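Structural features, examined
The primary structure of each chain is shown beneath.
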Amino acid sequence: MPTAELPSFALRMPERFEPMLRANDTPIIGRVAEGRVWLDLRTVSDEELFALIAAVQSCVMSHS
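1. Considerations on the overall build of the protein
The number of helices and strands found in the protein is 2 helices and 3 strands. Once the C-alpha set of the protein is aligned to its principal axes, its extents read approximately 40 × 30 × 15 Å. For the protein, with 64 residues in total, the buried portion stands at 20%. If you sum the accessible surface of the protein, you get close to 5000 Å²; carbon and sulfur atoms cover 57% of it. Counting 6 positive and 9 negative side-chain charges, the protein places the averaged centre of each group 8 Å from the other.

This is the structure we're talking about:
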């Protein structure tokens with residue numbers, strides 16, 4: 001069903017964070033579009049959420 005729409009939301013980050021996310025201990029792969037990395041949170045389990053938060057914080061802190 002390629003035209004079906006599934007409810008979701010995404011975290012958008014600047015595209016410059018994409019290499020850091022991929023290099024994470026557990027690689028985080030998002031979709032790159034419109035100059036942003038899109039992380040679809042529908043695909044993140046509760047068990048993975050804290051690892052994702054830590055990876056995003058690391059990216060932000062290293063670029064601040």
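2. Observations regarding the confidence of the model for the protein
Mean pLDDT over the protein stands at 91; residues scoring 70 or higher make up 98%. Of all the helices and strands in the protein, helix α2 (residues 46-62) carries the lowest mean pLDDT, 91, while strand β3 (residues 36-40) carries the highest, 95.

3. Remarks on the packing of aromatic side chains
Summed over all chains, the structure comprises 0 aromatic pairs. Here R16 stacks its cationic end above the ring of F17, 4.8 Å away from the centre of that ring. Between the NZ or CZ atom of R31 and the centre of the ring of W38, over which it lies, the distance is 5.0 Å.

4. Re the environment of A54
Positionally, A54 belongs in helix α2. Residue class for A54 comes out partly exposed when judged on its relative accessible area of 42%. Distance in space between the C-alpha atoms of A54 and N24 is 9.9 Å, their sequence separation being 30 residues.

5. Regarding a nonpolar patch on the surface
On the surface, L49, F50 and I53 cluster together into a nonpolar patch covering about 300 Å² of accessible area. Relative to the helices and strands, F50 resides in helix α2. For F50, a relative accessible area of 65% puts it in the exposed group.

6. Examining the nonpolar core
Core analysis: the biggest nonpolar cluster contains 10 residues, these being M13, F17, L21, I28, V37, L39, L52, A55, V56 and C59. Counting only elements with at least two residues in this core, the list comes to β3 and α2. Broken down by element, this core gets its largest block of residues, 4 residues, from α2. Sequence-distant contacts of V56, that is, excluding residues within four places in its chain, are made with L11, M13 and L39.

Quick notes on the rules
Residues numbered from 1 in each chain as written. Predicted model: local features only at pLDDT ≥ 70, side-chain atom pairs only at ≥ 80, totals over all residues. Heavy atoms only, no water. Helix = DSSP H or I, 4+ residues; strand = E, 2+ residues; numbered from the N terminus. Buried < 20%, exposed > 50% of the residue type's maximum accessible area, 1.4 Å probe, protein only. Areas by Shrake-Rupley, 256 points an atom, 1.4 Å probe, with all protein chains shown as cover. Lys, Arg positive; Asp, Glu negative; His and termini not counted. Charge placed at Lys NZ, Arg CZ, Asp CG, Glu CD. pLDDT = per-residue confidence, 0-100. Phe/Tyr/Trp six-rings, centres within 6.5 Å; stacked < 30°, edge-to-face > 60°. Lys NZ or Arg CZ within 6 Å of the ring centre and 35° of its normal. Patch = residues over 30% accessible without salt bridge, like charges linked within 9 Å, V, L, I, M, F, W, Y side chains within 5 Å. Salt bridge = Lys/Arg side-chain N within 4 Å of Asp/Glu carboxyl O. Core = buried A, V, L, I, M, F, W, Y, C linked by side-chain atoms within 4.5 Å. Contact = heavy atoms within 4.5 Å.

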